[in-house]
Amino acid sequence: MKHRHLKIRLVKSEWLRYLLIGTGLLSLAGGVVGLFLPLVPSVPFLLVAVICFSRSSERFHTWLVEHKHFGPILKEYLLHGSIPLRAKCLAIGAIWISFPVTTFLFVDRIWLRIVLLSIAACVTIYLIVLPTSARRGAERRPGKKAGRGDG
């Protein structure tokens, strides 16, 4: 069954298609690393990956959107243009822990520090402006109540 979020438009240029696939795979790797390292945000990487795959590979795009762990956040983003509040807060927090640490401990060039902090600021602004999805816990688990309790 085709869903609206699976509708993709592939680019015509073959070299651009490979560039997008490569960027998507690198972003996906960053998202996976973000699952295991607390200071690396996974949500922005996954959003970049799904956008790249939507223009380059129907197979990769479908796999990522239907993935057991990544799929729910990505479907929410693709269908409604929003992400859950928890994912948004974790991503922003991880960005503002990891970027300054990297910038001031490992980077000597002032221009590179400015670039890194500018990237962190731009991603943060994008995540803040991005709509926050409504809680849908009751829809995901029909037998349980959305709030705390015995349910």
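Thresholds applied
- Residues numbered from 1 in each chain as written.
- Predicted model: local features only at pLDDT ≥ 70, side-chain atom pairs only at ≥ 80, totals over all residues.
- Heavy atoms only, no water.
- Salt bridge = Lys/Arg side-chain N within 4 Å of Asp/Glu carboxyl O.
- Buried < 20%, exposed > 50% of the residue type's maximum accessible area, 1.4 Å probe, protein only.
- Patch = residues over 30% accessible without salt bridge, like charges linked within 9 Å, V, L, I, M, F, W, Y side chains within 5 Å.
- Areas by Shrake-Rupley, 256 points an atom, 1.4 Å probe, with all protein chains shown as cover.
- Helix = DSSP H or I, 4+ residues; strand = E, 2+ residues; numbered from the N terminus.
- Core = buried A, V, L, I, M, F, W, Y, C linked by side-chain atoms within 4.5 Å.
- Contact = heavy atoms within 4.5 Å.

What follows deals with the pattern of salt bridges. If you walk through the whole model with that rule in mind, you get one salt bridge. A salt bridge links Lys75 to Glu66, with the shortest nitrogen-to-oxygen separation between them at 3.3 Å. Residue class for Lys75 comes out partly exposed when judged on its relative accessible area of 27%. You can call Glu66 partly exposed: its relative accessible area is 39%.

Attention shifts here to a nonpolar patch on the surface. A cluster of nonpolar side chains, contributed by Val32, Val33, Leu35, Phe36 and Leu37, occupies part of the molecular surface with about 470 Å² of accessible area. With respect to the helices and strands, Leu37 occurs in the loop between α1 (14-36) and α2 (43-56).

Leu64, Leu74 and Leu127 are the most contacted members of the largest nonpolar core, which totals 20 residues. Looking at this core, the elements with two or more residues in it are α2, α3 (58-65), α4 (71-80), α5 (85-106) and α6 (110-129). Beyond its immediate sequence surroundings of up to four residues, Leu74 is in contact with Leu46, Leu47, Val50 and Leu64.

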